[in-house]
Amino acid sequence: MKQFIGIKRIWYANPIAAITGATLTGAEIKALLAKADTKEVKNSHQDTWGYTEEDPTITDYINELTGKIYYRDVTRDGAVTIAFTLGEYEYTDKAALQGGKATATGWDRPDRKDNISKCIIAQTKTGNYIVFPNASIVGKGNFVEKNIGLGVTAVAMETGVTGLASEVWRDKAEVEAEEG
């Protein structure tokens, strides 16, 4: 049995633009974690981590003779979301996840809100991995327990890469396997 309990580590990177095979492998996740532009989140404020999957939109078809459902059609999948709040962060994190401009001594809010896309990788306390290769990011100031954290909501989106699913789950053993 696989367990996906709690959160141990979180990273963000540029969206994945290509994969080598038919699906994202543990070795590719491991390589992504080692890239210089992959940034680890060092502080997820207490009790703000969450994973949710909305119910899909469904149309029921009713038999008018019996009043019972004879067919259900899923017309739209529900959004899959990872959310967390950084309790401590750099201005560069704020700019990367909320937009705007980071300076050496501060952050300036953008004049308009642009779409932000990132790859989000989460490792559970049980060691397994959840990856959103292309996630729509909404970052905002989030007031939690007298701290203005950087609240992040990441919604899994289509990747545009053949064979690359919008959400990938991998065992710790596959991601952390020694190569060769």
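Look a little higher up for the structure.
Nothing here was measured: the structure is a model prediction, and the numbers come from that model.

Conventions adopted
Residues numbered from 1 in each chain as written. Predicted model: local features only at pLDDT ≥ 70, side-chain atom pairs only at ≥ 80, totals over all residues. Heavy atoms only, no water. Buried < 20%, exposed > 50% of the residue type's maximum accessible area, 1.4 Å probe, protein only. Helix = DSSP H or I, 4+ residues; strand = E, 2+ residues; numbered from the N terminus. Pairing = 2+ DSSP bridges. Salt bridge = Lys/Arg side-chain N within 4 Å of Asp/Glu carboxyl O. Polar contact = N/O pair within 3.5 Å; in protein donor to acceptor, adjacent residues only side chain to side chain. Phe/Tyr/Trp six-rings, centres within 6.5 Å; stacked < 30°, edge-to-face > 60°. Lys NZ or Arg CZ within 6 Å of the ring centre and 35° of its normal. Patch = residues over 30% accessible without salt bridge, like charges linked within 9 Å, V, L, I, M, F, W, Y side chains within 5 Å. Areas by Shrake-Rupley, 256 points an atom, 1.4 Å probe, with all protein chains shown as cover. Lys, Arg positive; Asp, Glu negative; His and termini not counted. Charge placed at Lys NZ, Arg CZ, Asp CG, Glu CD. Core = buried A, V, L, I, M, F, W, Y, C linked by side-chain atoms within 4.5 Å.

Draft legend 1. Highlighting the pairing of strand S9 (residues 116–123). With seven of eight residues buried, S9 is to be regarded as a mostly interior element. With five bridges joining them, strand S1 (residues 9–13) and S9 adopt antiparallel strand pairing. Residue pairing across strands places Arg-9 opposite Gln-123, the latter belonging to S9. Of the strand pairs in this sheet, S9 and strand S10 (residues 129–144) are connected by seven bridges, and their pairing is antiparallel. Bridge pairing in S10 links Ile-116 to Ile-137. The turn joining S9 and S10, which pair antiparallel and follow one another in sequence, is formed by five residues; a positive phi near 95° is taken by Gly-127.

Draft legend 2. Here's a closer look at the pattern of salt bridges. Per the counting criterion, the structure on display carries seven salt bridges. One network of salt bridges, with partners in common, ties together Arg-9, Glu-40 and Lys-42.

Draft legend 3. Structural detail: the side chain of Gln-123. Looking at the element boundaries, Gln-123 is found in strand S9. Of the residues examined, Gln-123 reaches a relative accessible area of 2% and is grouped as buried. A distance of 3.2 Å separates the side chain of Gln-123 from the backbone oxygen of Gly-127, its partner in a polar contact. A distance of 3.2 Å separates the side chain of Gln-123 from the side chain of Glu-176, its partner in a polar contact.

Draft legend 4. Fine view of the packing of aromatic side chains. In the structure shown here, the tally under the stated rule is five aromatic pairs. For the ring pair Tyr-51 and Trp-169, a centre distance of 5.8 Å and an interplane angle of 85° mean the geometry is edge-to-face. With Tyr-51 in strand S3 (residues 50–53) and Trp-169 in strand S12 (residues 168–170), this pair connects stretches of sequence that are 118 residues apart. A centroid spacing of 6.4 Å and a plane angle of 55° characterise the contact between Tyr-61 and Tyr-70, whose relative ring orientation is tilted. Tyr-61 sits in the partly exposed class, given a relative accessible area of 34%. Three or more aromatic residues joined by ring pairs make a cluster, and in this case those are Phe-4, Tyr-51 and Trp-169. Its end group placed over the ring of Trp-107, Lys-94 keeps NZ or CZ at 4.4 Å from the ring centre.

Draft legend 5. Fine view of a negative patch on the surface. Taken together, the side chains of Glu-53, Glu-54, Asp-55 and Asp-77 make up a negatively charged region of the molecular surface. Summarising the element assignment, Glu-53 is placed in strand S3. Take Glu-53: its relative accessible area is 53%, and that puts it in the exposed class.

Draft legend 6. Structural detail: unusual backbone geometry. With a phi angle near 65°, Asp-47 is a residue other than glycine that sits in the positive phi range. Looking at the secondary structure, you find Asp-47 in the loop between strand S2 (39–41) and S3. The exposed category is assigned to Asp-47, whose relative accessible area is 72%. Positive phi outside glycine occurs at Glu-145, with the angle close to 50°. Relative to the elements of secondary structure, Glu-145 occurs in the loop between S10 and strand S11 (147–156). A relative accessible area of 57% places Glu-145 in the exposed class.

Draft legend 7. Representation of the side chain of Thr-159. Mapped onto the secondary structure, Thr-159 falls in the loop between S11 and S12. What makes Thr-159 buried here is its relative accessible area of 16%. Reaching out from Thr-159, the side chain makes a polar contact with the backbone nitrogen of Val-161 at a distance of 3.1 Å.

Draft legend 8. Inspection of the nonpolar core at higher detail. Ile-120, Phe-132 and Ile-137 are the most contacted members of the largest nonpolar core, which totals 20 residues. Elements that contribute at least two residues to this core include exactly S1, strand S6 (80–86), S9, S10 and S11. If you look at the next biggest cluster of nonpolar residues, it comprises 15 residues, including Ile-29, Leu-32, Tyr-129 and Val-168.

Remember that the coordinates give geometry; whether it matters functionally is a separate question.
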